[in-house]
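Observations on the three-dimensional arrangement
Below are the chains, spelled out letter by letter.
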Amino acid sequence: MSRPRIVIVGAGFAGYRTARSLARAARGRADITLLNPTDYFLYLPLLPQVSAGILEPRRVTVSLSGTLPDVRLVLGEAGRIDLDGRAVHYTDPEGRQGTLEYDRLVLAAGSVNKLLPIPGVAEHAHGFRGLPEALYLRDHVTRQVELAATADDPEERAARCTFVVVGAGYTGTEVAAQGQLFTDALVRSRPLRDDVRPRWMLLDIADRVLPELDERLSRTADSVLRGRGVDVRMGTSVKEATRDGVLLTDGESVDTHTLVWCVGVRPDPLVEALGLPLERGRLLVEPTLQVPGRPEVFACGDAAAVPDLEKPGQYTPMTAQHAWRQGKVAAHNIAASLTGRELRPYRHKDMGFVVDLGGVKAAANPLGVHLSGLPAGVVTRGYHLAAMPGNRVRVAADWLLDAVLPRQGVQLGLVRSWAVPLDTASPELVRAPAGGEPHGAAGGGGAHGDSAHGDGSRARGGGGGEDTSRTITSPTPEPVRTEPARRRVQPEPAQADGTAVESAAGGGGGEDTTRTITSPTPEPVKNEPAKRRHDDGPTGTDSQPPKDKAAAEPTPTKPQPGGTPTKPQPGGEPTKPQPGGEPAKNQPGGEPARNQPGGEPARNQPGGEPARNQPGGEPAKNQPGGEPARNQPGGEPAKNQPGDRPTQRNPR
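Residues numbered from 1 in each chain as written. Predicted model: local features only at pLDDT ≥ 70, side-chain atom pairs only at ≥ 80, totals over all residues. Heavy atoms only, no water.

Concerning the pattern of salt bridges
Between side chains of opposite charge, a pair can form when the charged atoms approach closely. To keep things clear, this is the line we draw: One side-chain nitrogen of Lys or Arg within 4 Å of one carboxyl oxygen of Asp or Glu is enough to make a salt bridge. A run of H or I in DSSP counts as a helix once it spans at least four residues, and a run of E counts as a strand once it spans at least two, with each numbered from the N terminus. Any residue under 20% of the maximum accessible area for its type is buried, any over 50% is exposed, and the rest in between are partly exposed; the area is computed with a 1.4 Å probe on protein chains only.
The final tally for this structure, using the stated rule, is 21 salt bridges. Here Arg 3 and Asp 31 are joined by a salt bridge, their closest N and O atoms 2.5 Å apart. Of this pair, Arg 3 sits in the segment before strand S1 (5–9) while Asp 31 sits in strand S2 (residues 31–36), and the two are 28 residues apart along the sequence. For Asp 31, a relative accessible area of 30% puts it in the partly exposed group.

Next up, the structure:
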């Protein structure tokens, strides 16, 4: 008899706990497959400490293959689930399609950032649900303080040192609390002019901080935040976001380059496509976590609406505590369904809550005992160490080092603004625009605009500091891959208070697998998307996006010296140099480089990057020690025919 096939979609709190418990119970008697976009489990409660420079990123990640040796890990994102055929169709990180067949299915896809139809939010705000977003915020905050230290304009200094956090729940409260400590530490090492102090604002339409928790915890958190200098404004939210700041619902305009969106989460859009009954976007399940009418399908975590047996008529909230405990019950019931044993319903009684407010401050009520200050801080960190499935010693070591050493205020530049769009179904992944990475995207803030491509997708700009490296095609490159478009998160419907007036759109894309090396050439050319978002760099100046003209029809090129005229390339027109630049000189004294098959027109940006590899083409071989450049005077004519090699550059 073949072993049962169990597929688990998602490796968050619910999915990870289900896989671990099932592996221990099955002992090799079942084939357990875990489908997840990344190879790690992310411990979300400590993510604010990553953005504040307390913990290194890997401290909050736990290896799936290292801690789940009896579980098969498949990297990919679930795209479609065939319930009748019992198959999960997915896309791997390189864009290839795959299928996983199952006898039991666990849907633990988790949640994504909640979007509201507020003008400008999707374009200018960033969420806080994944490791890339935390790394981006850490770099961005550091950059804003550094730029403010050299700014001559007092208004610019104030705007760069103003950080707006929307949402006073768990995440928003901890981000603002940790952020104020982080920026104060940065300013101590590099004081700002006129004794300007970074200003953090915490906004929420609720009447108090942490509205979902006990009022005593709320009062403790509010007192710590205000005492630290955080501008706490309850009953106030964002009415509109722009490149230069935000307009609040009370009519005040705040100049800022940073907007952090922590208003809550919504279930992963994957469950909406199943065509099954939903409760506010969550998949309705029975107390045993089974989907009604589909006994072979289980759901748990944020994607499932699990009846709260302690509060009849209600559903368990979308918290990590419930997801973790539901995973254990799901594993038990799956094993019971395969062996004919009785299934048990999910019951949970809250044992208390902890909120880390940075430093030695926290708010906690373990077993109903209200704590604040140092005792609450000890309980909070002790709870996190006990709850983490790994890296406990490393986390404790980082806490110790942070207590005795100053924090490192440096930018790593690993994540750009456009790589962490707010409207993504997988915040744990770094994204890239469908047309490729925008070049010359200077380090920008969350409150900056973007511009749309001709196909309607959006290219995010900025993030991670200005990239001044020059790149050319490698002698042995890998072809550039464009990932398929990811699922897009639709904004929530307009709220009853009428503050939301239009839909906010954004963009996602696939991963960027482009390889780059340092270029010796002084005047590079780069193929970039039709339009890109321009952002502020270390100099604090704005670069204007190039004007894009759609090619109406192919235009024949002029004949090269000594050769036959090249034929027009499909879908393109000759490259036009931008103001201040020179045309790409691929031919001696010739015209600018023409489009290669399947590519976009190369733009000669001043000081930009050189052209990357075109699909189907060969790399430029003018590297030291490489093949001599062709198309020299009197040599073989350039043949830019579809399928031929791209025109090659002469050494300068």
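Moving on, there is more to tell.
With respect to helix H5 (residues 131–150)
Three- or four-residue spacings in an α-helix give side chains the same orientation, since the helix completes a turn every 3.6 residues. Rules: For a helix, the expected span equals 1.5 Å multiplied by the residue count minus one.
Here H5 is 20 residues long and its end C-alpha atoms lie 30 Å apart, about the 28 Å a rise of 1.5 Å per residue gives. Counting buried positions along H5 gives 18 out of 20 residues, so the element sits mostly inside the fold.

Focus: the environment of His 370
Formally: Any two residues whose heavy atoms approach within 4.5 Å are treated as being in contact. Polar contact is defined as a pair of N or O atoms within 3.5 Å, subject to the rule that within protein one atom must be able to donate a hydrogen and the other to accept it, and that residues adjacent in sequence are counted only when both atoms are side-chain atoms.
One can find His 370 in the loop between strand S25 (362–364) and strand S26 (371–372). On the basis of relative accessibility, which here comes to 27%, the residue His 370 falls in the partly exposed class. Look past the residues within four positions of His 370 in its chain and what remains in contact with it is Arg 216, Leu 217, Thr 220, Ala 364 and Asn 365. A polar side-chain atom of His 370 sits 3.1 Å from a polar atom in the side chain of Thr 220.

Considering the sheet that holds S26
Filter applied, for reference: Between any two strands, at least two bridges found by DSSP are needed for them to pair. Here an angle of 0 to 180 degrees is reported between the N-to-C directions of two axes, which are lines fitted to C-alpha atoms, with helices fitted over the stretch in contact.
The strand order S24-S25-S26 describes an open sheet built from 3 strands, whose pairing is antiparallel. Every interior strand has two partners, whereas the edge strands, strand S24 (354–356) and S26, have only one. Inspection of the sheet shows S25 paired to S26 by 2 bridges, in the antiparallel sense. The residue bridging Ala 364 from the neighbouring strand is Leu 371, located in S26. Along the sheet, helix H10 (residues 373–387) contacts S24, S25 and S26; its crossing angle with S25, the most-contacted strand, is approximately 75°.

A closer look at the packing of aromatic side chains
Formally: We call Phe, Tyr and Trp rings a pair once their centres come within 6.5 Å, taking the six-membered ring for Trp, and we label the pair stacked below 30 degrees between planes, edge-to-face above 60, and tilted otherwise. In this analysis the charged atom, NZ for Lys or CZ for Arg, is taken to sit over a ring once it is within 6 Å of the ring centre and within 35 degrees of the ring normal.
Evaluation of the coordinates by the stated rule reveals 7 aromatic pairs. Ring geometry for Phe 13 and Phe 41: centres 5.1 Å apart, planes at 85°, overall edge-to-face. With a gap of 28 residues between them, Phe 13 in helix H1 (residues 13–26) and Phe 41 in strand S3 (residues 40–42) connect regions that are remote in the sequence. Across the pair, exposure class does not vary: Phe 13 and Phe 41 are buried alike. Cluster of aromatic residues (ring-pair linked, three or more members): Phe 13, Tyr 16, Phe 41, Tyr 43 and Trp 324. Directly above the aromatic system of Trp 399 lies the positively charged group of Arg 381, at a separation of 4.6 Å from the ring centroid.

Examining the sheet that holds S2
Pairing is mixed across the open sheet formed by 6 strands, whose spatial order is S5-S2-S1-S9-S22-S21. Looking at strand neighbours, the two that pair on one side only are strand S5 (72–75) and strand S21 (290–291), the edges of this open sheet. Pairing of S2 with S5, which is carried by 4 bridges, proceeds in the parallel orientation. Bridge pairing in S5 links Leu 34 to Leu 73. Docked against the sheet, helix H9 (residues 320–339) engages S1, strand S9 (104–107) and strand S22 (294–299), running at close to 165° with respect to S9.

Digging into the confidence of the model for the protein
Atom-level detail of predicted coordinates should not be read off regions where pLDDT is low. Using the following cut-off: pLDDT expresses how confident the predictor is about each individual residue, on a scale running from 0 to 100.
For the protein, the mean per-residue pLDDT works out to 76, and 66% of the residues sit at or above 70. Predicted confidence for residues 437–652 stays below pLDDT 50, and this span has 485 contacts to residues more than four positions away or in other chains.

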